[in-house]
Amino acid sequence: MITTSGVRAGLGAVELVFPTLIARLVYQTPLRRGELTVVRVLGGRQLIQAAGTAFIGGPDIHQIGAFVDGLHALSMLGLAVASRRLRRAGYAELTIASSLAVASLVAAHRTTRGINP
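These figures come from a predicted structure and were not determined experimentally. (Residues numbered from 1 in each chain as written. Predicted model: local features only at pLDDT ≥ 70, side-chain atom pairs only at ≥ 80, totals over all residues. Heavy atoms only, no water.)

Details of the overall build of the protein chain
Across its full length, the protein chain holds 5 helices and 0 strands. Here the C-alpha atoms of the protein chain give a radius of gyration of 14 Å, agreeing with the 13 Å that 2.2 N^0.38 yields for 117 residues. Along the three orthogonal principal directions, the C-alpha set of the protein chain runs to about 45 × 25 × 20 Å. Here the protein chain has roughly 6,800 Å² of accessible surface; of this, 68% comes from carbon and sulfur atoms. When the 12 basic and 5 acidic side-chain charges of the protein chain are each reduced to a single mean position, those positions are 8 Å apart. (Helix = DSSP H or I, 4+ residues; strand = E, 2+ residues; numbered from the N terminus. Rg over C-alpha atoms; globule rule 2.2 N^0.38 Å. Areas by Shrake-Rupley, 256 points an atom, 1.4 Å probe, with all protein chains shown as cover. Lys, Arg positive; Asp, Glu negative; His and termini not counted. Charge placed at Lys NZ, Arg CZ, Asp CG, Glu CD.)

Considering helix 3 (residues 33–55)
The end-to-end C-alpha distance of helix 3 is 33 Å, a good match for the 33 Å that 23 residues give at a rise of 1.5 Å each. Within helix 3, burial applies to Glu 35, Leu 36, Val 39, Leu 42, Gly 43, Gly 44, Arg 45, Gln 46, Gln 49, Ala 50, Gly 52 and Thr 53. A positive phi of about 65 degrees marks Gly 57, the residue just after helix 3. (Expected span 1.5 Å × (residues − 1). Buried < 20%, exposed > 50% of the residue type's maximum accessible area, 1.4 Å probe, protein only.)

Re the nonpolar core
Counting residues in hydrophobic clusters, the biggest one holds 9 residues: Ile 22, Ala 23, Tyr 27, Leu 31, Leu 36, Val 39, Leu 86, Ala 89 and Ala 92. When residues of this core are traced back to their parent elements, those giving at least two are helix 2 (19–27), helix 3 and helix 5 (87–112). Ranked by residue count, the leading element in this core is helix 2, at 3 residues. Filtering out sequence-adjacent residues up to four positions away, Ile 22 remains in contact with Val 14, Glu 15 and Tyr 27. (Core = buried A, V, L, I, M, F, W, Y, C linked by side-chain atoms within 4.5 Å. Contact = heavy atoms within 4.5 Å.)

A closer look at the layout of surface pockets
The calculated volume of the largest pocket comes to roughly 160 Å³. Lining the largest pocket are Tyr 27, Leu 31, Glu 35, Val 38, Val 39, Leu 42, Met 76, Leu 79, Leu 86, Ala 89, Gly 90 and Glu 93. Elements with a contribution of two residues or more to the lining of the largest pocket: helix 3, helix 4 (59–82) and helix 5. In terms of residues, the lining of the largest pocket owes the most to one element, helix 3, which gives 4 residues. Residues that form the lining of the largest pocket fall into these classes: 9 nonpolar, 1 polar and 2 charged. (1 Å grid on protein atoms, 1.4 Å probe; cavity = no way out; pocket = protein on both sides within 12 Å on 5 of 7 lines; lining within 4 Å. Points joined across faces, edges and corners; volume = space filled by probe spheres on them. Nonpolar A, V, L, I, M, F, W, Y, C, P; charged D, E, K, R; others polar.)

Observations concerning the pattern of salt bridges
Pairs can form between side chains of opposite charge once their charged atoms are near each other. A complete count under the given rule lists 3 salt bridges for this structure. We note a salt bridge from Arg 85 to Glu 35, for which the minimum N-O separation is 2.3 Å. In this pair, Arg 85 sits in the loop between helix 4 and helix 5 while Glu 35 sits in helix 3, placing the two residues 50 residues apart along the sequence. Asp 69 is the salt-bridge partner of Arg 45, the closest N and O atoms lying 3.1 Å from each other. Of this pair, Arg 45 sits in helix 3 while Asp 69 is found in helix 4, placing the two residues 24 residues apart along the sequence. Linked by salt bridges that have partners in common, Arg 8, Arg 45 and Asp 69 make up one network. (Salt bridge = Lys/Arg side-chain N within 4 Å of Asp/Glu carboxyl O.)

These results come straight from atomic positions and should not be treated as a statement about function.
As structure tokens, this is what we get:
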């Protein structure tokens, strides 16, 4: 079974190691050097969050993760609205972050009920 942590770790690894691949395939927008650095930082954040949820676990960790993903989604909505050039990247990240937030909330609920998330 693929877990939220597994998906998050895979995404984070690709963002960290291959940010230009993410820019080309997901964002469909060439990114500048500083923007590629931001993608790498976000990938590192995803890896840390995946490790925290996988090794610490528990509903509180999943809820904190959902909150962080929600903040990220809101910031990406702001990017999509503010930047015509990065609009597709903003909406892509908004979709990814929102999906991970919902998955984290489901995992928190399942953990609370004693079901393996």
